[in-house]
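Letter by letter, the chains look like this.
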Amino acid sequence: MTYHAPVAEMARLARILGHDRLAETARYGEATPETRTAILAEAAKLAEGVMAPLRRTGDSTPARLENGVVRCSPGFRAAYQAIAEGGWVGMNADPEHGGMGLPLSLMVMVNEMMASANMALSLCPLLSQGNIEALEAHASEALKARYLPPLIAGTWTGTMNLTEPHAGSDVGALRTKAERADDGSYRITGQKVWITWGDHDVAENVVHLVLARLPDAPEGSRGISLFLVPKLIPDADGRPGVANRLKVLSLEHKMGIHGSPTCVMAYEGAQGWLIGEENRGLACMFTMMNNARLGVGIEGIGIAEGATQAAMAWAMDRVQGRTADGSTTIVGHADVRRNLMTMKALTRAARAICYDCAFSLDMARAAEGAEAAHHAGRGAFLTPIAKAYGTDTGITVATLCAQVHGGAGYVEETGVPQFLRDVRITSIYEGTNGVQAMDLVGRKLSGDGGAMAGLLLDEATAVVEAARAANHPTLADALNAAVSKARGVTGWMLKTDAVGRGAGATPYLRLLALVLGGSALLRAALESGAAEDMALARFHLLQLLPRAHAEAQAATAGSEMLYALDAETLTSTV
């Protein structure tokens, strides 16, 4: 099974979404369309030639723990070295510490390629990128000088330690302790679970960002602090020195991403350094988590692209029965065509949402005044949609890939089951998709009284008007009806209570995603005039977008049906 990076598709979508505007800013002046094309071409070589050939290897030969040392899958060390040496870890990082200073929107395109090629390996640089971002925003100058250069160079890697055995989404329930030491550092004691790339043998050192609670800290999430805890404590010259008091207790045996070592970590009075202010750790960690959520949405797109390519190749090769159009392979069967069109349309629509989110996050940093504020709000609003819809799309498309393959899609040697096993985690980690939906209707929607939702729906209405002007009334009517539904549900959400909003949060997120994705496909088709683009937009608007009306009904149904059974009756197995 081969992977071909969709470089032309990525570059074209970036142009349609307005990414060329970034090169007009002082911060990203070097990010011209020509530079973007050149970088994507080089990243494609890495993804296709170095990472993709190891996808099945990582799946069949997982990372393992030997005498307290994690040994990664065969070939992963050399492949990671190629990632680091190419500068791909620090694409978005500050040049002051060795980064390229390129836009996030370009980095997510590269990360999509890496996820398509080898999701398990791609998680290593992804976690380092989040680690770098948190340190750039909140660490002291001394910690930045010591830790950012090797992290950006990829000679050290980074992790995020939030979850504990009893505390998942409820981060405020964590028990890991931090005690002040006389030398200004802290001693960290506790256990963390599900730590992605928590240990390995592909780089010199691992830098953990750990949430912990000081003895005099307030209860709940208000009393959490963030600490930098290295595996090997740097010596006076900044080189990895003595081992810190931490260890890997075990590796999780997971459904997928077998090549990614997911560790249970024990901290036994490990030396750490405070990031930001005491008891403000959650705010520091969210700097890392917000863009990590977009990154996970991109993982979903990456798997969707890989699965789509696999299904297309199989459909063009597999001979099975007579087809409606006389094709010699199953690509001529109507139901196979429906699956393939669904896969392609969903992948492009979700990709557009994720790329649009990244663009606004970039503009929030590069623009000034009202424009920066607008994009900050826009990027924040789109983040939970990008994460949830991107990952839901990955799961849906991976499932359809197996369906197109028929019985062969259930057989490991084809590589198809790995798509579904690898992508399934994406709707769970970095905040489950239910948490994303609650964030959308809670902080994001209620926070500004629905203003940003209205602005995004106004953008979709502009596409409706452009479609009417271009003489596509059927498509304009379909999109307009869905936009009207979304406006009505938004108004309902703002008037109802928190329980009602929570009950309708997930269908509301899906409703907005269908509208924004369909709008993006139609916008692209109107701009390009290409037959393929118009065919995909038509399919999305007339075959997939009608689901928006069902989502609207579910979103406004209230909570009564969800609580019609008491907990004991609901969970009874008798």
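We now turn to the structure provided with this report. (Residues numbered from 1 in each chain as written. Predicted model: local features only at pLDDT ≥ 70, side-chain atom pairs only at ≥ 80, totals over all residues. Heavy atoms only, no water.)

**Some details on the layout of surface pockets**
The test is simple: Only protein atoms enter the 1 Å grid used here. Points where a 1.4 Å probe fits but cannot escape make up a cavity, open sets with protein on both sides within 12 Å along at least five of seven lines make up a pocket, and a residue lines them when an atom lies within 4 Å of a point. Grid points are joined across faces, edges and corners, and a volume is the space filled by probe spheres set on the points. Put simply, DSSP marks the helices as runs of H or I at least four residues long and the strands as runs of E at least two long, and each gets a number from the N terminus on.
Put simply, the largest pocket is a space of about 1,100 Å³. Surrounding the largest pocket, 43 residues form its lining, T163, I428, Y429, E430 and G431 being those nearest its centre. Only α5 (104-138), β5 (186-196), α7 (281-317), α10 (416-423) and α11 (433-447) provide two or more residues apiece to the lining of the largest pocket. Top element by residues in the lining of the largest pocket is α7. It accounts for 8 residues.

**Considerations on empty space enclosed by the protein**
This is how it is decided: When residue character is reported, Ala, Val, Leu, Ile, Met, Phe, Trp, Tyr, Cys and Pro are called nonpolar, Asp, Glu, Lys and Arg charged, and the others, Gly included, polar.
One pass over the structure, following the stated rule, counts 4 cavities of 30 Å³ or more. Looking at the largest cavity, its volume works out to about 190 Å³. No other element matches the 10 residues that α5 contributes to the lining of the largest cavity. Tallied by class, residues from the lining of the largest cavity come to 9 nonpolar, 7 polar and 2 charged. In this model, the second largest cavity occupies a volume close to 110 Å³. Forming the walls of the second largest cavity are E9, R12, L13, I16, R348, A352, A520, L521, A524, D533, L536 and A537. Of all the secondary structure elements, the ones that give two or more residues to the lining of the second largest cavity are α1 (7-16), α8 (334-366), α14 (498-528) and α15 (531-544).

**Some points on the state of the cysteines**
Two cysteines form a disulfide when their sulfur atoms are joined by a covalent bond. Heads up, the rule is: Here, the term disulfide refers to a pair of cysteine sulfur atoms separated by no more than 2.5 Å. Exposure classes here rest on a 1.4 Å probe applied to the protein chains alone. A residue is buried below 20% of its type maximum, exposed above 50%, and partly exposed in between.
Using the criterion set out here, one finds 0 disulfides in the structure. C72 takes part in no disulfide bond, and the closest cysteine sulfur, belonging to C124, lies 7.6 Å away. A relative accessible area of 9% places C72 in the buried class. We note that C357 lacks a disulfide partner, and the nearest cysteine sulfur, in C354, lies 7.1 Å from it.

**Examining the packing of aromatic side chains**
Put simply, the test is: Two rings from Phe, Tyr or Trp (for Trp, the six-membered ring) form a pair when their centres are within 6.5 Å of each other. A pair whose planes differ by under 30 degrees is stacked, one over 60 is edge-to-face, and the rest are tilted.
All told, the structure shown has 2 aromatic pairs when counted by the stated rule. Note on Y186 and F227: the rings are 5.0 Å apart at their centroids and 55° apart in plane angle, and the pair reads as tilted. In this pair, Y186 is assigned in strand β5 and F227 in strand β7 (residues 225-230), connecting sequence segments 41 residues apart. Using a relative accessible area of 8% as the deciding quantity, one classes Y186 as buried.

**Here we look at helix α6 (residues 141-153)**
Selection rule: Expected span of a helix: the number of residues minus one, times 1.5 Å. Across the chain, bend at a residue is computed as the angle between axes fitted to the seven residues ending at that point and the seven starting from it. Contact between two residues is taken to exist if any of their heavy atoms lie within 4.5 Å; hydrogens are not considered.
Taking 1.5 Å per residue, 13 residues should reach 18 Å; α6 reaches 18 Å between its end C-alpha atoms and fits that length. At Y147, α6 shows its strongest bend, of approximately 35°, with the proline P149 following within four residues. Within α6 the residues assigned to the buried category are L143, K144, Y147, L148, P150, L151 and I152. For α6, the elements touching its buried residues are α5, β3 (156-161), β6 (205-212), β7, β8 (232-234) and β11 (262-275). Taken from the residues just after α6, G154 is the one with a positive phi, measuring 85°.

**Some points on the packing of α14 against α15**
Rule in force here: Every axis in this analysis is a line fitted to C-alpha atoms, fitted for helices over the stretch in contact. Angles between the N-to-C directions lie between 0 and 180 degrees. Here the word oblique covers every angle except those under 35 degrees (roughly parallel), over 145 (roughly antiparallel) and from 65 to 115 (roughly perpendicular). Left-handed describes a crossing whose near helix is turned anticlockwise from the far helix by less than a right angle; the clockwise case is right-handed.
Between α14 and α15, the least distance of the axes is 8 Å, while the angle of their chain directions is 155°. Put simply, α14 runs roughly antiparallel to α15. With respect to the hand of their crossing, α14 and α15 are arranged in left-handed fashion. Facing L514, G517, G518, L521, L522, A524, A525, L526 and S528 of α14, the residues of α15 in contact are D533, M534, L536, A537, H540, L541 and L544.

**Side note on unusual backbone geometry**
Backbone geometry places W194, a non-glycine residue, at a positive phi of 60°. Along the polypeptide, W194 turns up in strand β5. Taking the relative accessible area as the measure of exposure, W194 reaches 55% and is therefore exposed. Positive phi, close to 65°, is recorded for N279, a residue that is not glycine. The residue N279 is located in the loop between β11 and α7 in this model. Judged by its relative accessible area of 23%, N279 falls in the partly exposed class.

**Observations concerning the nonpolar core**
The line we're drawing: Only buried Ala, Val, Leu, Ile, Met, Phe, Trp, Tyr and Cys residues count toward a nonpolar core, and they belong to the same one when joined by side-chain atoms within 4.5 Å.
Judged by nonpolar contacts, the single largest core of 160 residues is most densely connected at M113, L294, I385, Y508 and V515. A per-element tally of this core places α5 first, with 19 residues. Setting aside residues no more than four positions away along its own chain, V515 makes contact with L457, A460, L479, A482, V483, A486 and L545. Core analysis: the next-biggest nonpolar cluster, separate from the first, contains 19 residues, A178, A212, L214 and C263 among them.

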